[in-house]
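Overview (structure and organization)
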Amino acid sequence: MNAFVPPAQHGMQVLNREAFKKAVEVLGVRVPAKQVSAVMKGLMGYLLNQPRLRNVVPDPDDAEVKLLLLKQDMHGPEDVAKLPEPIKKLIEKECVGFEKYKVDLDYDYWTADQILHAVLPSDTDATPGSFTQVGHIAHMNLKDEYLPWKYLIGQVILDKNKNITSVVNKTNNIDTTFRFFKMEVLAGEDNMIAQVKESGCRFKFDFSKVYWNSRLHTEHDRLVQQFKRGDYVCDVFAGVGPFALPATKKGAIVYANDLNPVSYQWLNENIKLNKITTGIQTYNLDGREFIRKAVQDLQQTSPTTWKTFDHFVMNLPATAIEFLDTFRGLYRDQKDRYEAAAPQAKLPMIHCHCFTKSPEPANDIYERVRQVIGTPIDRATSSLHLVRNVAPKKDMYCLSFPLSPEIAFAAAPDESSSGEKRKHQGTSQTEAQKSQKIA
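Attention in this report is confined to the structure presented alongside it. These numbers were taken from a predicted model, which means no experiment stands behind them.

Conventions and cut-offs
Residues numbered from 1 in each chain as written. Predicted model: local features only at pLDDT ≥ 70, side-chain atom pairs only at ≥ 80, totals over all residues. Heavy atoms only, no water. Helix = DSSP H or I, 4+ residues; strand = E, 2+ residues; numbered from the N terminus. Buried < 20%, exposed > 50% of the residue type's maximum accessible area, 1.4 Å probe, protein only. Contact = heavy atoms within 4.5 Å. Areas by Shrake-Rupley, 256 points an atom, 1.4 Å probe, with all protein chains shown as cover. Lys, Arg positive; Asp, Glu negative; His and termini not counted. Charge placed at Lys NZ, Arg CZ, Asp CG, Glu CD. Axes fitted to C-alpha atoms, helices over the stretch in contact; angles between N-to-C directions. Parallel < 35°, antiparallel > 145°, perpendicular 65-115°, else oblique. Left-handed = near helix turned anticlockwise from the far one by under 90°. Pairing = 2+ DSSP bridges. Phe/Tyr/Trp six-rings, centres within 6.5 Å; stacked < 30°, edge-to-face > 60°. Lys NZ or Arg CZ within 6 Å of the ring centre and 35° of its normal.

Bringing the overall build of the protein into the picture now. From N to C terminus, the protein includes 13 helices and 17 strands. Expressed as a percentage of the 439 residues in the protein, the buried residues total 49%. Residue pairs in contact within the protein that sit at least 24 positions apart in sequence constitute 69% of those at least 6 positions apart. For the protein, the accessible surface area stands at approximately 21800 Å², while carbon and sulfur atoms represent 49% of it. Here the protein contributes 56 positive and 53 negative side-chain charges, whose respective centroids are spaced 3 Å apart.

Now the structure itself:
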């Protein structure tokens, strides 16, 4: 039985740090101070070896002697007598006696997981000590079964992580307009203005009003690495800039947009924070409107020749696929310029993030895209990248595919179907305006 666990306090819902004091008695071998190093080497596998505790402590009766603390199942000389012969001989030769030693432990010694395990019901499968750190904020997503202990859990996380000053929990209430989760402060200060560093950039934002996910930094880097200096990048759902700012610093020319006015505000603030003065334009529009506007604005910088984006980034995994219909016929009125610039003319690469729960994710995603865009995507020229597992049986992917001339220059729908099409788009647009990242 392991003695180095805190006293069980099942049922405690208001944290009482005094309740976690404990004294553990262990056996110490008295060794002359000059011989400690040599004896320690021989006894290494038989010493106390507990995290954050010393194996060697002063002898209370003799300054010339040290106590080497033995592992917890050694209670007296009779247990020492059961040790392997070489160990017994070493102790007999160097030891000048045995002495009991009391190890005093308190709340400060125990880890967060140990405290929570001691407090939560004994039939709990796992302790809810995991969190995502966003600057000074610990962001938790507690299951309903842990909610009676939520404030205690928050205080323990605050106590045990010195660089955390706020602990928040994601509530079930989701902002229906911009899709960020509302937060409840469990412990610490009510300060949601976070500052983080990622991909060589600094980001500042109000975590309670914008979307930020530190788990996506690898995906941010992966895509940015595909951008070259001088590339034109259209970031449709830019948030506070985790794709847009590193891409701009790399030398790409970025058009960045977010529907959430608070995200748009912090996007512009972060541009200033990173001393970026050129190479980026920002918008506060619905995604479909922005795609059309950005293409138009870029083409106007070259009125007589073909010019468009190299990449479109669509990191809104809950609904990004629905926005792909915007690309059907997007360049219809520029077809002559495209053909005049052939064969050098090129169409953009689209990077569309999405969720899937299907056991056949590739088939599911390609079919959903086909239904929206009206044409199958060529699997030979596209790629499907697994970004992360979001929840049991739910994954996030990024589908990257080149926009084909068939889609880009598609003719307008005939009059008989246009009314129904507009009705569908209007409904979809209304829903899309209520969307923002929730990966």
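From this point on, the discussion continues.
What follows is about the packing of helix α1 (residues 36–43) against helix α3 (residues 85–94). Where α1 contacts α3, the two axes come as close as 10 Å, and the packing angle between them is 160°. In terms of orientation, α1 and α3 fall into the roughly antiparallel class. Crossing angle aside, the handedness with which α1 passes α3 is left-handed. Taking contact as the criterion, the partners of V39, G42 and L43 in α1 are, on α3, I87, L90, I91 and E94.

This part is about the sheet that holds strand β2 (residues 56–58). Strand order across the open sheet formed by four strands is β2-β3-β1-β4, with antiparallel pairing between neighbours. Since the sheet does not close on itself, it has two edges, and those belong to β2 and β4 (98–105), each with one partner. Here the strands of the sheet are splayed against their neighbours by 45° on average, with no regard to which way each runs. Note: strand β1 (residues 22–32) against β4, eight bridges, orientation antiparallel. Within β4, the residue paired with A23 across the bridge is D104. Sitting on the sheet, α1 touches β1, β2 and β3 (65–69), and the angle it makes with β3 is about 15°.

What follows is about the sheet that holds strand β12 (residues 253–257). Read from one edge to the other, the open sheet built from seven strands follows the order β13-β12-β11-β14-β15-β17-β16, with strand pairing classed as mixed. Every interior strand has two partners, whereas the edge strands, β13 (280–283) and β16 (383–391), have only one. Neighbour-to-neighbour, the strand axes of this sheet turn through a mean angle of 15°, independent of strand direction. Of the strand pairs in this sheet, β12 and β13 are connected by four bridges, and their pairing is parallel. When the sheet's bridge partners are listed, Y255 is paired in β13 with Q281.

Turning next to the pairing of strand β14 (residues 311–314). Side chains of β14 alternate between two faces, with H311 and V313 and F312 and M314 buried alike. Note that strand β11 (residues 232–235) and β14 share three bridges and pair parallel. Along β14, the bridge assignment pairs D235 with V313. As judged from the four bridges shared by β14 and strand β15 (residues 349–356), these two strands associate in the parallel manner. Counterpart to F312 in the pairing with β15 is I350.

As a further point, take unusual backbone geometry. For the bond from A342 to P343, the omega torsion is 5°, close enough to zero to count as cis. Locating P343 in the fold gives a position in the loop between α10 (335–341) and β15. At S199, a residue that is not glycine, the phi angle is positive and equals roughly 55°. Its location among the elements puts S199 in the loop between β9 (193–198) and β10 (201–206). Look at K275: it is not a glycine, yet its phi comes out positive at around 55°.

What follows is about the packing of aromatic side chains. With the rule as written, the count across this model stands at 14 aromatic pairs. Consider the rings of F237 and F323, whose centres lie 5.0 Å apart with planes at 75°: the pair is edge-to-face. Of this pair, F237 sits in the loop between β11 and α7 (244–250) while F323 sits in the loop between β14 and α10; the two residues are 86 residues apart in sequence, bridging distant segments of the chain. By the burial criterion, F237 is buried, and F323 matches it. With 6.3 Å between their ring centres and 55° between their planes, W306 and F409 make a pair best called tilted. Of the two residues, W306 sits in the loop between α9 (287–300) and β14 while F409 sits in the loop between α12 (405–408) and α13 (415–432), which places them 103 residues apart along the sequence. Across this residue pair, the class does not change: W306 and F409 are buried. Chaining the aromatic ring pairs together yields one cluster made of Y255, Y283, F290, F309, F312 and F327. Taking the ring centre of Y109 as reference, the NZ or CZ of R52 above it sits at 4.5 Å. The side chain of R288 reaches across the aromatic face of F323, ending 4.7 Å from its centre.

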